[in-house]
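Observations on the three-dimensional arrangement
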Amino acid sequence: MSSPDPATPVSDLAARYQRGDFLFTTAERALLAQGTIRTVTETDPRRLASAIPGVLAGTGAPLAVGVLPFDTGPDTKVPGHLVVPRTVHRAEGAPSLPREVLPAPVRVRAVPSPEQHMATVQAAVAALADRGLRKAVLARALDLEFASPVSAERIVRNLAVGNPRHFTYAAELPGGRSLVGATPELLLRRTGRTVFSSPHAGSMPRSADPAADRANGEALRTSRKDQLEHAVVIDYLVEALRPFCRTLEVPAEPELVTTPAIWHLRTPITGELADPDVTALDLAAALHPTPAICGTPTEGARELVQELEPFDRDYYAGAVGWVDASGDGEWAVAIRCAEIASTSMRLYAGGGIVPASDPRAELDETTAKFRTLLSAMGLEDSV
């Protein structure tokens, strides 16, 4: 059923991934889950979390893998989707694979257009005060169409190699779609009684010029707008974790971290669970969606996002990960991602909107975030 083998190179698991599998890699380890014993779907993430221990006990399986949607509100039609796999393989180390070349798309469409997105940002800024909101997160999409079926396998392998410090993931969705991406943000990790979260909020594009790049990082570190945006996320997560934890360690100041495309502010949070029966999926259900991908207060921000965005997010900005029979697991925030159909894919990128947000800067931020996927496809200069 399970074959954890620390001697197996991560590259072997990434190379063995086929569309339909579940893959979750970090800089230190990887998990590949294949086949299906049982699929569990539920629109209420808390009911989903409470059902999984019994499912694992009944099947004798070591873990369940899958995704939670962005919208976990009472009226959502999009379910959490978890799979109990037939086989599980684990490995340690970072992937090292040759970069694979992908064909260029025959059609690219921005949803909404850049001009429309800037207008939407302006509308969101105006709505914050009117609705008593501190923050809302607005996304836009790129729709790509290809002349032949899209290779999720090659995209995932390029993502894993090109973003070694990210959480690279691939998961099957209802309806035959695949969700693939490389996110810098860990929603939470549970190991025994230890809980770890690594929220990111506040962003600045990277620059190819070293001096300009350093200046961008320093501008982010000293930006009052971004510091306030970050504080909103940390306050939320601390309050959400507090009922579950007997202790919480929260640094006084965020740290600067980088991805190949973006500077971020990050605050690592560590806690000790009061109740050892609380699972990683219980915690994911309680924390998601955070202000980093929705806004705050949650319900009002989610309503504004759904009014202003010209598409349904489905599993973009949801959570992707795994939980095992002991309750341990990892759940990452499903950003820097794309949903892949047969010969098409939709890429997503978003940014946090606060009263000081500038529409042009928000457009530039989403453009930079698209580069994670575009670079994995060799399209950074052609789209």
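Since we're looking at a predicted model, the values are computed, not measured. (Residues numbered from 1 in each chain as written. Predicted model: local features only at pLDDT ≥ 70, side-chain atom pairs only at ≥ 80, totals over all residues. Heavy atoms only, no water.)

Some points on the overall build of the protein chain
Put simply, the test is: Runs of H or I in DSSP of at least four residues are treated as helices and runs of E of at least two as strands, each being numbered from the N terminus. In this setup the radius of gyration rests on C-alpha atoms only. A globule is expected at 2.2 Å times the number of residues raised to 0.38. The buried label goes to any residue with under 20% of its type's maximum accessible area, the exposed label to any with over 50%, and the partly exposed label to all in between, with areas taken from a 1.4 Å probe on protein chains only. Only the protein chains shown count as cover for residues, and all accessible areas are computed by the Shrake-Rupley method using a 1.4 Å probe. Only four residue types enter the charge count: Lys and Arg as positive, Asp and Glu as negative, with His and the chain ends excluded. All charge positions are set by atom: Lys at NZ, Arg at CZ, Asp at CG, Glu at CD.
Within the protein chain one finds nine helices and 23 strands. Computed over C-alpha atoms, the radius of gyration of the protein chain comes to 20 Å, within 12% of the 21 Å expected from 2.2 N^0.38 for 383 residues, which places it in the range of a compact globule. In terms of overall dimensions, the protein chain has a C-alpha envelope of 55 × 50 × 40 Å along the principal axes. In the protein chain, which comprises 383 residues, the share counted as buried stands at 55%. Accessible surface computed for the protein chain: about 15000 Å², of which carbon and sulfur atoms make up 51%. Counting 38 positive and 47 negative side-chain charges, the protein chain places the centres of these two groups 1 Å from one another.

Digging into the pattern of salt bridges
Stated precisely, the cut-off is as follows: The working definition used for a salt bridge is a side-chain nitrogen of Lys or Arg within 4 Å of a carboxyl oxygen of Asp or Glu.
Tallied over the entire structure, the rule returns 26 salt bridges. Glu229 is the salt-bridge partner of Lys135, the closest N and O atoms lying 3.3 Å from each other. Of this pair, Lys135 sits in strand 9 (residues 135-145) while Glu229 sits in helix 6 (residues 224-241), and the two are 94 residues apart along the sequence. Judged by its relative accessible area of 0%, Lys135 is buried. For Glu365, the salt bridge goes to Lys369, with nearest N and O atoms at 2.6 Å. With Glu365 and Lys369 both in helix 9 (residues 359-376), this residue pair falls four residues apart, about one helical turn. Connected through salt bridges with shared partners, the residues Lys135, Lys225, Asp226, Glu229 and Glu362 form a single ionic network.

A few points about the environment of Leu97
Along the polypeptide, Leu97 turns up in the loop between strand 7 (87-92) and strand 8 (107-111). Along the chain, Leu97 and Ser197 lie 100 residues apart, while their C-alpha atoms are 29 Å from each other.

Regarding helix 5 (residues 210-222)
For clarity, the cut-off: Multiplying one less than the number of residues by 1.5 Å gives the expected span of a helix. What the arc describes is the spread of directions from the helix axis to the C-beta atoms. Contact criterion: two residues are considered in contact whenever any of their non-hydrogen atoms come within 4.5 Å of each other.
Spanning 13 residues, helix 5 covers 19 Å between terminal C-alpha atoms, matching the ideal 18 Å at 1.5 Å per step. Inspection of helix 5 places Asp213, Gly217 and Leu220 among the buried residues, and these make up the whole buried set. Burial along helix 5 is one-sided: seen end-on, the buried residues are contained in an arc of 60 degrees. Those residues of helix 5 that are exposed and angled more than 90 degrees off the buried face are Arg214 and Thr222. On its buried side, helix 5 packs onto strand 14 (200-205), helix 6, strand 16 (255-258) and strand 17 (262-266).

Details of the packing of aromatic side chains
Our working rule: For this analysis, a ring pair means two rings from Phe, Tyr or Trp (six-membered ring only for Trp) whose centres lie within 6.5 Å, classed as stacked if their planes differ by under 30 degrees, edge-to-face if by over 60, and tilted for the remaining angles. The criterion for a charge sitting over a ring is simple: Lys NZ or Arg CZ within 6 Å of the ring centre, and within 35 degrees of the ring normal.
Taken as a whole and judged by the stated rule, the model has four aromatic pairs. Ring centres 5.9 Å apart and planes at 40 degrees place the aromatic pair Phe24 and Phe167 in the tilted group. Here Phe24, found in strand 2 (residues 22-25), pairs with Phe167, found in strand 10 (residues 167-172); they are 143 residues apart in sequence, far enough to count as distant. Exposure class is identical for Phe24 and Phe167. Each is buried. Ring geometry for Tyr316 and Tyr348: centres 4.6 Å apart, planes at 5 degrees, overall stacked. In this pair, Tyr316 sits in the loop between helix 8 (298-308) and strand 20 (319-324) while Tyr348 sits in strand 23 (residues 344-353), placing the two residues 32 residues apart along the sequence. Feature note: the residues Phe22, Phe24 and Phe167 constitute an aromatic cluster, connected by ring pairs. A cation sits over an aromatic face here: Arg90 above Trp322, 5.2 Å from the ring centre. Between Arg206 and the ring centre of Trp263, over which it is positioned, the NZ or CZ distance is 5.3 Å.

Considering the environment of Gly66
Secondary-structure assignment places Gly66 in strand 5 (residues 63-68). Here the alpha-carbon distance between Gly66 and Val320, two residues 254 residues apart in the chain, equals 5.8 Å. Those residues in contact with Gly66 that sit more than four places away from it in its chain are Phe22, His81, Leu82, Ala319, Val320, Gly321 and Trp331.

Section: the UniProt feature "domain: Chorismate-utilising enzyme C-terminal" (unreviewed entry) in the protein chain
To be explicit about the condition: UniProt positions are given in the numbering used here, feature names are shortened, and annotations may be inferred rather than shown by experiment.
Mapped onto this numbering, the UniProt entry annotates "domain: Chorismate-utilising enzyme C-terminal" (unreviewed entry) at residues 114-369. As a span, residues 114-369 carries 35% helix and 34% strand, and end to end its C-alpha atoms are 14 Å apart.

A few points about the packing of helix 4 (residues 152-162) against helix 9
Note the cut-off: To get an axis, a line is fitted to the C-alpha atoms, and for a helix only the part in contact is used. The angle between two axes follows their N-to-C directions and goes from 0 to 180 degrees. Each angle is binned into one of four classes, with values under 35 degrees roughly parallel, values over 145 roughly antiparallel, values of 65 to 115 roughly perpendicular, and all other values oblique. Under the convention adopted here, Pro, Cys and the residues Ala, Val, Leu, Ile, Met, Phe, Trp and Tyr are nonpolar, Asp, Glu, Lys and Arg are charged, and Gly plus all remaining residues are polar.
It is the contact of helix 4 with helix 9, at a shortest axis distance of 8 Å, that shows an interaxial angle of 120 degrees. In this view, helix 4 runs oblique relative to helix 9, as classed from their interaxial angle. In contact with Ile155, Asn158 and Leu159 of helix 4, helix 9 contributes Thr372, Leu373 and Ala376. Looking at the contact of helix 4 with helix 9 residue by residue, the classes come out as four nonpolar, two polar and no charged.

Points about the environment of Gly217
Checked against the element boundaries, Gly217 lands in helix 5. Here Gly217 is in contact with Leu256 and Trp263, once residues within four sequence places are set aside.

As for helix 4
For helix 4, a buried count of eight out of eleven residues is recorded, marking the element as mostly surrounded by other parts of the structure. For helix 4, the set of buried residues is Ala152, Glu153, Ile155, Val156, Arg157, Asn158, Leu159 and Ala160.

Remarks on the pairing of strand 9
For clarity, the cut-off: Any two strands with at least two DSSP bridges between them are considered paired.
The buried fraction of strand 9 is high, at ten of eleven residues. In this sheet, strand 9 lies alongside strand 8 in antiparallel orientation, the contact comprising five bridges. The partner of Val108 across the bridge, within strand 9, is Leu144.

What about the sheet that holds strand 16?
A sheet is described by the order of its strands in space; here three strands give the open sequence 14-17-16, paired in antiparallel fashion. Strands at the two margins of the open sheet, each flanked by one partner only, are strand 14 and strand 16. Neighbour-to-neighbour, the strand axes of the sheet open up by a mean angle of 30 degrees, direction not taken into account. Two elements, strand 16 and strand 17, share four bridges in a ladder whose sense is antiparallel. From the neighbouring strand, Leu256 faces strand 17, where its bridge partner is Leu265. Across the face of the sheet, helix 5 comes into contact with strand 14, strand 16 and strand 17 while running at roughly 30 degrees to strand 17.

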